[in-house]
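# Per-entry structural report
So the chains spell out like this:
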Amino acid sequence: MKPPHHFDFEEAESRMAHPGTARRLFNAMFQHPAILTLGCTLILVGTAAALVEPWLFGFAIDQAIVPKNSARLVQLAMVFLALIIIRVAATIGDAYLFEALGQAVTQDLRVAVFSRLQRLPLAFYDKNPAGRLLTRVTNDITALADIFSAGFATMVSNALLVAGVLIMLVVLSPQLGLITVSVFPLMAAATVHFSRQLARSYREARSRLSAFNAYLAENLMGMRVVHLFSRQKVHLQRLSRLNQRYADAQMSTIRTYAFLQPTITTAAGVSMALLLWFGGNDALAGRIQLGVLISFFAYTLALFRPLREIADKWNIFLSGLAAAERIFSVLDWPTEEDSTEAQATPYPDLKGHIIFDNVWFAYDDERWVLRNLSFEIPAGTRLGIVGHTGSGKTTLISLLMRFYEPQKGRILLDGKDLREYDRRRLRASLGLVQQDVFLFSGSVAENISLFSGKSDTASTTVLEKLGLSDGKLLSERGGNLSMGERQLVAFARAHESRPRIWILDEPTSSIDSESELRLERVLNAEAIGKTVIMIAHRLATTRACGQIIVLNKGQLVEAGGHAGLMSRNGLYARLFRYQQSLG
Amino acid sequence: MKRFLQDTFFLRHYLWKYRRLITIGLLTLITVDGLEIIPPIILKNAVDSITAGADASALAWLALAYIAVALCQSVCRYGWRMYLIRTSMLASRDLRDRFSRHLFGLSSSFFDRRRIGDLMLLATSDIEAVRMMIGAGILTLADALFYFLFIPVAMYLLSPELMLLAFIPLPIIPWLVMRNEKEIHLRFARVQESLSRLSALAQENLSGIRVVKGLAGEQAQLRRFRDLGEECSRLSMHLARVQTAFGPLLDFTMSMGLAFLLYFGGRRIIGGADDALTLGVFVAFQRYIQQMVWPMAAVGISLSHYRRSATSTGRLQEIFSETSDVRDVPNPIVQAARTRGCIEFRNLHFRHPGATADVLKGINLTVKPGERIAFVGMVGAGKSALLSLLPRLYPVARGTLFIDGVDINDWPLEDLRRQVGYVSQDVFLFSESVVENVAFGIQDWVERSGETSAVHEAAELAGVHEDVMGMVSSYDTRLGERGVNLSGGQKQRLTIARALARQPAILVLDDALSSVDIQTEERILKSLRERPHRNTEIIAAHRISTIQDADRIAVLEDGRIAQLGTHAELITDRSGLYWRFYEQQRLREDLERYMDLDQELS
């Protein structure tokens, strides 16, 4: 079996069919049974009232106006008014409730997607740029929410209304009812036909739009080159052609729509005309009452308006469903199974004895980044890892953090295979300061507690020793801090969990010498009796480590103390001399 | 309202351009809405003839009339969709065209400032919002207005009293709209804000996922996300509270009209005081009132379209108000076909637009025709800035930079850039074929003559011809996203070939050989010396190997020229920056050789 990090979601998506999207969406709605039930009840009430209104109007004509019964008219008008109030109240209520339902479902799915993304293996993030994943949490969720706010309730009540009207017509007068709805199958067929055509031309328009966008984006990226070679005119012409092609495709969707609506109008007209002729004759002959016929007029109108609305909003529904499908597919991505406790507890009695035993690793199964790596770090000692860019230093640490799993060999921590440790608890036990410091916008204190809300005096003391104030607000990615300050914050952040083992990946690469001194002092005080692994590009940093290993292209080539390595006059000595020349 | 006028002013051009389509569209729309008057009258006549016990043929005529009206309306409905909606689509096409044309006219400093993703968002969703406003927005508004024009008149003609009755609840509507509009706008903005906060959090989290995982901070992040999401939902509901009631309340006012009609109209018929008020009129009124529900809702719809497009028009206008800081002077001096390639920097200062400090602080240097001059210096010393001024990618102060004795600002841009073959350090190739990329600057000529020898020669000079011949379909190989991926060195050499194909008098290479191996580099530099039409060469590099062969080397330090001379001269100064570069390079090469050796041994 392939390791999990070879899972490419785009590919997987095109493979997977999602027949269950609608079902899963309904399931998500059923998570809020109270709102759903109440909302549906209100829809039923509202629809019922809407159905009775036209009938009551006709009934009032037959029972009060034609027989000239004033008292009866007052009664019926009051009932009519009551019906209107009930209907409007129910409509407001169900619209609000369904909006609430939509928000609840959206929030559930949003959190579920985000939580899923937190538990995906890191290798997944290497393959899928953050921007692409972000659209799952933002755009797709918004498209889904649109289903609800565009009037899921209206759609449902419209559908109910159509069904209800059909029933009312048949109940009031079976014969007339059948005549009125005789155009219905024809219209349904036309709607289906146009919808299909519409879907086709939408797809075409979308693909042409993305061709335009791709070319525009490419030009924006290469605008300098376009200018240098004075190619603006030619490229603009091509862009304009692509734009026109898109416009043409859009045109065909408009044309289809332009056919669809008049079709409904014509059908409604024919239906009314049939009603006028047959119904009118029936009324003349006294086979039905005039009021019933008038109710029929109103019902026919009520029959076609919801259909028009449904046709108008169908598009939003389709794209919302497509988004839902993408969202649910995120929830199917395989994750790392770890503890989910809010604050991962570090392993209490970790000694910090680490053994790499013939470890091989490749990110892509082809090019080995680490080859047959074996070394041992006794508990409580300091190891320096040096090597040129791309020699595998950072990868080695990623394996120790269990960001990735080695393909061959094993890593032992206190004599136990690393795979037996829970990832989150393991990471909480290791104090990692990474090379590319990533800070979140917020205060220094928030960055250190990672927004867990707790702050303790010990970390404040550490900050003080490092010369930082915890209240300082950081802009995006800590842009308003110097690189050195950022690294100090990262250090304080790692210190937060009182790690048993310190892992420092280029901790002082861009720090000024004074801050470096401070950091060293704090680290020395902290790390007494603890294992420390230090990666450094600058060999001056690792000089003091008792043991230094030198990596070259994924292999361990030299090991020993500084003096011994220098006298070997190998890679280490050369690296050292070169770096000294840089000053 | 002021805002609305401004936005409309912004769109006037597009509306005016399609005035014919819009006029036809509006005429058909008027017809549809005008015809809406007829069906209720047909119903009235039907009901009245039934009560009067007329014969069936009258009903047949009425039925036929009904179908005729429906057909007319269908045709006109088709018409206004085709004319009005098409206009909005054409206008958005024009807007997209104008937008891209405008961007193509802006200079590098604009693109340094703006993110591509943001510009793409403008080109897509913002223009789309404007389209919706022109199309659906204006259309529904016009539709509603016409309804208001026709139907009350028809009602008045049938029965002024009943019309008044039906319209009693009407004044609530403007009040409802005005009151709601402001509140909705405010709450809508709050929802948008919280959504963008949520998106920023997710964005930060996803790009910092390594840190989050490394510190086992997933749960805390999730809690933060959940909290923000909840706030977002809460604000949405806050908006919903004013928004959801809007439509039903509009409906309510019209339905109240129906109730009034039933009671008061019914009483008048029963009283028999008014002969004109028949049961038919009553039915017609019922129908009219039902019809009025739509324009009421339409006002709400077009308001929401307007709301969405308001921000978008603002954002678009912001881009349209940007102007290029690099433009031709009104009467550029027309130059000879080829320059001699004499370049003169006279106390040249430069800072990037918007920056606070100068990158170049007084450069003085004269480059003689035919000379190869090299620039070295630390990162940030100003090499790239200096070289990017030669093709005038950024604005250059008058009187500081001359080519052939003519101020660079007096050169027509297109001529200048034909003379200066500039190759930047960030490689950009288009996702087209190799030949199209290399012939980028001479495409017209290649197309006209069908001659690709110039392309081959340029590729040969840039040392990439053999690489290309080794590709699957040689010069027709497609590059980029769906094409082959080249190595960094191959890409660099292709961009050099692209510049060489135009046979520029002055060749500017800004660290453009950094990914090319040393042997190939040596070969390229040698052949460049022998190229036809060779003139001045300006080269910036980090590697000593690239520059040691230059006629003169200028060492840049903090925006000034610190050392100037040949390699042999500079190397004698042991305290100079150049010697340090040289020594570093030597040790580095030693190290790299050892690393490769080490690798082979193990």
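The structure displayed is predicted, hence computed values, not measured ones. (Residues numbered from 1 in each chain as written. Chains lettered and ligands numbered in written order. Predicted model: local features only at pLDDT ≥ 70, side-chain atom pairs only at ≥ 80, totals over all residues.)

Moving on to the overall build of chain B. In terms of regular secondary structure, chain B is built from 23 helices and 10 strands. Residue burial in chain B is summarised as follows: out of 602 residues, 44% are buried. Excluding contacts between residues fewer than 6 apart, the proportion of contacts in chain B whose partners are at least 24 apart in sequence is 78%. (Helix = DSSP H or I, 4+ residues; strand = E, 2+ residues; numbered from the N terminus. Buried ≥ 20, exposed ≤ 12 C-beta atoms within 10 Å, placed from the backbone. Contact = placed C-beta atoms within 7 Å.)

It is worth spelling out the overall build of chain A at this point. What chain A contains, in helices and strands, is 22 helices and 12 strands. Of all intrachain contacts in chain A linking residues separated by at least 6 positions in sequence, the fraction that spans at least 24 positions is 79%.

Residue and element names in this part refer to chain A. Viewed as axis vectors pointing N to C, helix α3 (residues 33-65) and helix α4 (residues 70-118) meet at an angle of 160°, and their least axial separation amounts to 7 Å. As far as their axial angle goes, α4 and α3 are roughly antiparallel. Helix-helix and strand crossings are classified by hand; for α3 and α4 the assignment is left-handed. Along the lines of polarity and charge, the residues of the contact of α3 with α4 split into 26 nonpolar, 5 polar and 4 charged. (Axes fitted to C-alpha atoms, helices over the stretch in contact; angles between N-to-C directions. Parallel < 35°, antiparallel > 145°, perpendicular 65-115°, else oblique. Left-handed = near helix turned anticlockwise from the far one by under 90°. Nonpolar A, V, L, I, M, F, W, Y, C, P; charged D, E, K, R; others polar.)

This part takes up helix α8 (residues 172-207) of chain B. All names here are of chain B. Counted at 1.5 Å a residue, the expected span for α8 with its 36 residues is 52 Å, and the 51 Å between its end C-alpha atoms agrees. Residue Asn180 marks the point of greatest curvature in α8, where the axis turns by about 25°. For α8, the set of buried residues is Leu198, Leu201, Ala202, Glu204, Asn205 and Leu206. (Expected span 1.5 Å × (residues − 1). Bend = angle between axes of the 7 residues up to and from the residue.)

So, about the packing of α4 of chain A against helix α7 (residues 139-149) of chain A. All names here are of chain A. The interhelical angle for the contact between α4 and α7, taken along N-to-C directions, is 160°, at an axis separation of 9 Å. Here α4 is positioned roughly antiparallel relative to α7, judged by the angle of their axes. The handedness of the crossing between α4 and α7 is right-handed. Only Ile141, Leu144, Ala145, Phe148 and Ser149 of α7 make contact with α4, whose side of the interface consists of Phe98, Glu99, Leu101, Gly102, Thr106, Leu109 and Arg110.

On to the interface of chain A and chain B. On the chain B side, the residues contacting the 112 residues of chain A number 109 residues. Its residues placed into classes, the side of chain A that touches chain B shows 69 nonpolar, 30 polar and 13 charged.

Let us look at the sheet that holds strand β2 (residues 368-377) of chain A. Residue and element names in this part refer to chain A. The strand order across the open sheet formed by 4 strands is β2-β1-β4-β5, and the pairing between neighbours is antiparallel. Two strands close off the open sheet at either side, each with one partner strand: β2 and β5 (416-417). Bridge count for strand β1 (residues 354-362) against strand β4 (residues 408-413) is 5 bridges, and the pairing is antiparallel. Paired with Ile354 across the strands is Leu413, a residue of β4. (Pairing = 2+ DSSP bridges.)

To continue, consider the sheet that holds strand β9 (residues 501-505) of chain A. By way of backbone hydrogen bonds, the strands of a sheet pair with one another, either parallel or antiparallel. Residues and elements named next belong to chain A. Sheet architecture is open: 6 strands sit in the order β6-β9-β10-β3-β11-β12, paired in mixed fashion. A single partner strand is all that each edge strand has here, and the edge strands are β6 (430-433) and β12 (555-560). Adjacent strand axes in the sheet meet at a mean angle of 15°, parallel and antiparallel pairs treated alike. Bridging between β9 and strand β10 (residues 531-535) involves 5 bridges; their strand directions are parallel. Counted as the bridge partner of Asp505 is Ile535 from β10. Here helix α14 (residues 393-400) sits on the sheet in contact with β3 (382-387), β9, β10 and β11 (547-552), set at roughly 150° to β9.

Turning to the domain arrangement of chain B, a few remarks are in order. Many authors give the size of an interface as the accessible area that is lost as the parts come together. All names here are of chain B. When the domains of chain B are assigned, the result is domain 1 (12-159 + 276-320) and domain 2 (343-427 + 503-601). Between domain 1 and domain 2, the C-alpha centre-to-centre distance is 62 Å. Taken residue by residue, the interface counts 4 residues in domain 1 and 5 residues in domain 2. Of the residues that constitute the side of domain 1 that touches domain 2, the class distribution is no nonpolar, 3 polar and 1 charged. (Domains from an automatic or database assignment.)

Let us now look at the environment of Phe297 of chain A. With respect to the helices and strands, Phe297 of chain A occurs in helix α13 (residues 290-330). Distance from Phe297 of chain A to Pro185 of chain A, taken between C-alpha atoms, is 20 Å for residues 112 residues apart in sequence.

This part is about unusual backbone geometry. When glycine is set aside, most residues are seen to have a negative phi, and most peptide bonds are trans. All names here are of chain B. With a phi close to 60°, Arg392 is a non-glycine residue in the positive phi region. Note that Arg392 resides in the loop between α13 (383-389) and β4 (401-403). On the basis of neighbour counts, which here come to 23 C-beta atoms within 10 Å, the residue Arg392 falls in the buried class. The backbone phi angle of Asp404 is positive, close to 55°, even though this residue is not glycine.

Residues and elements named next belong to chain B. Model confidence for chain B is summarised by a mean pLDDT of 82, while 95% of its residues fall at 70 or above. Averaged pLDDT values over the elements of chain B bottom out at 70 in helix α1 (residues 2-17) and peak at 90 in strand β7 (residues 506-510). We note a pTM of 0.74 for the whole complex and an ipTM of 0.82 for its interfaces. (pLDDT = per-residue confidence, 0-100.)

Residues and elements named next belong to chain A. For chain A, per-residue confidence averages 81 on the pLDDT scale, and residues scoring 70 or more make up 88% of the total. Here helix α1 (residues 9-15) is the element of chain A with the lowest mean pLDDT, 36, and β4 is the one with the highest, 91. Below pLDDT 50 for its whole length, residues 1-17 participates in 14 contacts with residues either more than four positions away or in separate chains.

Turning next to the pairing of β10 of chain A. Residues and elements named next belong to chain A. Within β10, 5 of the 5 residues are buried, which leaves it mostly tucked inside the rest of the structure. Of the two faces of β10, the one holding Thr531, Ile533 and Ile535 and the one holding Val532 and Met534 are both buried throughout. Across 4 bridges, the pairing between β3 and β10 is parallel. Looking at the pairing, Gly384 lines up with Met534 of β10.

The next subject is helix α8 (residues 152-172) of chain A. With 21 residues, α8 of chain A should cover 30 Å at 1.5 Å per step; its first-to-last C-alpha distance of 30 Å lies within 8% of that length. Among the residues of α8 of chain A, those classed as buried are Phe152, Ala153, Thr154, Ser157, Leu161, Gly164, Val165, Met168 and Leu169 of chain A.

All names here are of chain A. By the secondary structure assignment, Leu42 is in helix α3. Between the alpha carbons of Leu42 and Gly415 there is a distance of 65 Å; along the sequence they are 373 residues apart. With sequence-adjacent residues up to four places away left out, Leu42 is seen in contact with Ala90, Gly93, Asp94 and Leu97.

To continue, consider the environment of Leu161 of chain A. All names here are of chain A. Note on placement: Leu161 falls in helix α8. The buried category is assigned to Leu161, around which 23 C-beta atoms lie within 10 Å. Leu161 sits 113 residues away from Ala48 along the chain, and the two C-alpha atoms are 8.2 Å apart. Excluding its chain neighbours within four sequence positions, the residues that come into contact with Leu161 are Thr47, Ala50, Ala302 and Pro306.

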